[in-house]
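# Descriptive analysis of the structure
Read off the chains here:
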Amino acid sequence: MEDKKLAIIATKGSLDWAYPPFILASTAAALGYETQIFCTFYGLQLLKKEPKLEVTPLGNPGMPMPLGMDKWFPVLGLALPGMQGMMTAMMKKKMQSKGVASIEELRELCLEAEVKLVACQMTVDLFDMDTEDFIDGVEYAGATSFFEFAGESDICLYI
């Protein structure tokens with residue numbers, strides 16, 4: 001039987017969008033899938049040595065908020081200075097209290113499980129990013145290279 005493959009395209013650079021690619025990739029790798037995460041545009045933030053990922057409730061109507069704030073706190077209130085930092089701190093505290101691994105821990109788990117982490121070279125060049133800011137083990141390639149893998153994958157996810 002042929003090995004199964006999972007291809008993930010990660011395009012988001014916020015805390016809440018960082019979890020799905022790493023959770024799905026590490027799970028797939030544990031199940032024996034050959035797995036690759038292609039990080040492009042804002043998804044490149046997931047590969048930084050010191051990611052500064054935040055969560056924002058703005059534009060996310062499905063995000064549950066404490067004290068029912070999503071029902072009574074106007075959108076403009078969420079745009080107040082410091083609100084994003086407060087929401088990020090609250091989310092991190094909640095995750096820690098529930099025993100959810102950090103992004104750095106999940107990313108390390110992926111590397112240990114031989115998940116291939118690929119940074120989109122075009123986006124790195126576009127944003128004048130310094131490759132020294134990225135973790136060790138990241139490969140740099142273009143979309144063509146990713147399509148070679150994704151075209152043969154059993155599952156391809158866009159996150």
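A few points on the structure.

### Considerations on the overall build of the protein
Assigned secondary structure in the protein consists of seven helices and five strands. Ordering the α and β elements of the protein from the N terminus gives β-α-β-α-α-α-α-β-α-β-α-β. Expressed as a percentage of the 159 residues in the protein, the buried residues total 39%. Considering only residue pairs separated by 6 or more positions, the protein has 77% of its internal contacts joining residues 24 or more positions apart. Accessible area for the protein stands at about 9400 Å²; split by element, carbon and sulfur atoms hold 58% of it.

### What about helix α1 (residues 15-30)?
In this model, α1 (16 residues) spans 23 Å end to end at C-alpha, consistent with the 22 Å of a helix rising 1.5 Å per residue. Buried within α1 we find Leu15, Ala18, Tyr19, Pro21, Phe22, Ala25, Ser26, Ala28 and Ala29. Once α1 finishes, Gly32 follows within two positions and takes phi at roughly 95°, a positive value.

### Comments concerning the packing of aromatic side chains
Summed over the entire model, instances satisfying the criterion amount to six aromatic pairs. Note on Phe134 and Tyr140: the rings are 6.1 Å apart at their centroids and 70° apart in plane angle, and the pair reads as edge-to-face. When its relative accessible area of 1% is taken as the criterion, Phe134 is described as buried. For Tyr140, a relative accessible area of 29% puts it in the partly exposed group. Members of the aromatic cluster, each reached through a chain of ring pairs, are Phe38, Phe146 and Phe147.

### Some remarks on the side chain of Arg107
Looking at the element boundaries, Arg107 is found in helix α5 (residues 103-112). One polar contact links the side chain of Arg107 to the main-chain carbonyl oxygen of Leu46, over a distance of 2.8 Å.

### Regarding the pattern of salt bridges
Inspection of the entire model under this criterion finds two salt bridges. Of the charged contacts, one joins Glu152 and Lys5 as a salt bridge, the two residues approaching to 2.9 Å between their closest N and O atoms. Linking Glu152 in the loop between α7 (143-150) and β5 (155-158) with Lys5 in strand β1 (residues 5-10), this pair joins segments that are 147 residues apart in sequence. Here Glu152 falls in the exposed class, since its relative accessible area comes to 52%.

### Concerning the nonpolar core
With 33 residues, the main nonpolar core has Phe22, Ile37, Leu44, Leu47, Ile103, Val115 and Leu117 as its most contacted residues. Taken together, the elements giving at least two residues each to this core come down to β1, α1, β2 (34-39), α4 (83-97), α5 and β3 (116-120). Of all hydrophobic cores here, the second largest spans nine residues; its members include Ile9, Val118, Ala141 and Ala150.

### A few points about the sheet that holds strand β4 (residues 139-141)
Pairing is parallel in the open sheet, where five strands are placed in the order β4-β3-β2-β1-β5. Two strands bound the open sheet, and with one partner strand each, they are β4 and β5. Averaged over all adjacent pairs, the angle separating strand axes in this sheet is 25°, with direction ignored. Where β3 meets β4, three bridges bridge the pair, whose relative direction is parallel. By the bridge assignment for β4, Cys120 is matched with Ala141. In this fold α7 packs onto β1, β2, β4 and β5, with an angle of close to 145° to the strand it touches most, β1.

About the cut-offs
- Residues numbered from 1 in each chain as written.
- Predicted model: local features only at pLDDT ≥ 70, side-chain atom pairs only at ≥ 80, totals over all residues.
- Heavy atoms only, no water.
- Helix = DSSP H or I, 4+ residues; strand = E, 2+ residues; numbered from the N terminus.
- Buried < 20%, exposed > 50% of the residue type's maximum accessible area, 1.4 Å probe, protein only.
- Contact = heavy atoms within 4.5 Å.
- Areas by Shrake-Rupley, 256 points an atom, 1.4 Å probe, with all protein chains shown as cover.
- Expected span 1.5 Å × (residues − 1).
- Phe/Tyr/Trp six-rings, centres within 6.5 Å; stacked < 30°, edge-to-face > 60°.
- Polar contact = N/O pair within 3.5 Å; in protein donor to acceptor, adjacent residues only side chain to side chain.
- Salt bridge = Lys/Arg side-chain N within 4 Å of Asp/Glu carboxyl O.
- Core = buried A, V, L, I, M, F, W, Y, C linked by side-chain atoms within 4.5 Å.
- Pairing = 2+ DSSP bridges.
- Axes fitted to C-alpha atoms, helices over the stretch in contact; angles between N-to-C directions.

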